[in-house]
Amino acid sequence: QVQLVESGGGLVQAGGSLRLSCAASGSILSINAMGWYRQAPGKQRELVALITSGGSTNYADSVKGRFTISRDNAKNTVYVQMNSLKAEDTAVYYCHASVKVFWTTAWTDYWGQGTQVTVSS
């Protein structure tokens with residue numbers, strides 16, 4: 001019913017920047033929080049950044065001051081601008097959205113397929 005499509009991952013040198021995008025489509029009535037999570041090899045998936053429909057944001061301590069999350073509600077799209085990238089930022093990044101679809105009253109979590117970010121040191 002809802003698809004999240006990510007783009008913008010890739011290989012970058014330490015100190016460089018990348019911008020990830022995630023567009024939600026489908027039978028969307030409303031989107032609450034949108035965010036980015038990441039999972040490095042051998043580690044659990046962790047929150048990177050979150051933004052509510054009202055624009056409030058929350059960041060992992062490890063990315064504060066380097067990453068900026070934003071969203072375009074008209075386009076159902078969330079972005080994360082990642083600056084001063086470090087080798088430890090290397091991971092698969094997943095987009096997440098809490099969505100209410102047409103003809104329902106419940107919020108449902110949806111995930112993107114993931115995009116690889118590799119930072120070379």
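In case you missed it, the structure is sitting above this.
Draft legend 1. Structural detail: the nonpolar core. The biggest cluster of nonpolar side chains holds 33 residues, and the ones touching the most others in it are L4, W36, F67, V78, M82, Y93 and V99. With six residues, strand β9 (residues 91–101) is the largest single contributor of residues to this core. If sequence neighbours within four positions are ignored, F67 has contacts with R38, V48, Y59, V80, Q81, M82, N83, L85, D89 and Y93.

Draft legend 2. Layout of the side chain of T115. Position of T115 among the secondary structure elements: in strand β11 (residues 115–120). In this structure the side chain of T115 is engaged in a polar contact, spanning 3.4 Å, whose partner is the backbone nitrogen of G9.

Draft legend 3. Local environment of a nonpolar patch on the surface. On the surface, L29, F102 and W103 cluster together into a nonpolar patch covering about 430 Å² of accessible area. You can call L29 partly exposed: its relative accessible area is 47%.

Draft legend 4. Structural view of the side chain of K100. Of note, K100 is situated in strand β9. For the buried residue K100, which engages in no salt bridge, the nearest side chain bearing the opposite charge is D109, 13 Å off. Beyond its immediate sequence surroundings of up to four residues, K100 is in contact with S27, I28, L29, S30, T105, A106 and W107.

Draft legend 5. Summary view of the pattern of salt bridges. Summed over all chains, the structure comprises four salt bridges. As a salt-bridge pair, D61 and K64 come within 3.1 Å of each other at their nearest N and O atoms. In this structure D61 comes out as exposed when scored by relative accessible area, which is 64%. Several salt bridges share partner residues, and in doing so they unite R38, E46, R66 and D89 into one network.

Draft legend 6. Just the environment of L50, in detail. Here L50 lies in strand β5 (residues 46–51). The spacing of L50 and V80 is 30 residues in sequence and 9.6 Å in space, taken between C-alpha atoms.

Draft legend 7. The pairing of β5, seen in detail. Sheet analysis places strand β4 (residues 28–39) next to β5, joined by five bridges and oriented antiparallel. Along β5, the bridge assignment pairs R38 with E46. With antiparallel pairing between neighbouring strands as the criterion, β4 and β5 make up a hairpin whose turn holds six residues, including G42 at a positive phi of roughly 80 degrees. The pairing of β5 with strand β6 (residues 57–59) spans three bridges and is classified as antiparallel. Pairing of I51 across the sheet is with T57, part of β6. In this antiparallel pair of consecutive strands, β5 and β6, the connection spans five residues, and G55 shows a positive phi of 100 degrees.

Draft legend 8. Representation of the pairing of β4. Bridging between β4 and β9 involves nine bridges; their strand directions are antiparallel. Across the sheet, the residue bridging to W36 is C95, located in β9.

Draft legend 9. Region of interest: the sheet that holds strand β3 (residues 18–26). Across the sheet, four strands lie side by side as β1-β3-β8-β7; this open sheet has antiparallel pairing. Looking at strand neighbours, the two that pair on one side only are β1 (2–7) and β7 (67–72), the edges of this open sheet. Neighbour to neighbour, the strand axes of the sheet diverge by 15 degrees on average, direction disregarded. Relative to β3, β1 is paired through six bridges, and the arrangement is antiparallel. For Q3, the partnering residue across the bridge sits in β3 and is S25.

About the thresholds
- Residues numbered from 1 in each chain as written.
- Predicted model: local features only at pLDDT ≥ 70, side-chain atom pairs only at ≥ 80, totals over all residues.
- Heavy atoms only, no water.
- Core = buried A, V, L, I, M, F, W, Y, C linked by side-chain atoms within 4.5 Å.
- Buried < 20%, exposed > 50% of the residue type's maximum accessible area, 1.4 Å probe, protein only.
- Helix = DSSP H or I, 4+ residues; strand = E, 2+ residues; numbered from the N terminus.
- Contact = heavy atoms within 4.5 Å.
- Polar contact = N/O pair within 3.5 Å; in protein donor to acceptor, adjacent residues only side chain to side chain.
- Patch = residues over 30% accessible without salt bridge, like charges linked within 9 Å, V, L, I, M, F, W, Y side chains within 5 Å.
- Areas by Shrake-Rupley, 256 points an atom, 1.4 Å probe, with all protein chains shown as cover.
- Salt bridge = Lys/Arg side-chain N within 4 Å of Asp/Glu carboxyl O.
- Lys, Arg positive; Asp, Glu negative; His and termini not counted.
- Pairing = 2+ DSSP bridges.
- Axes fitted to C-alpha atoms, helices over the stretch in contact; angles between N-to-C directions.

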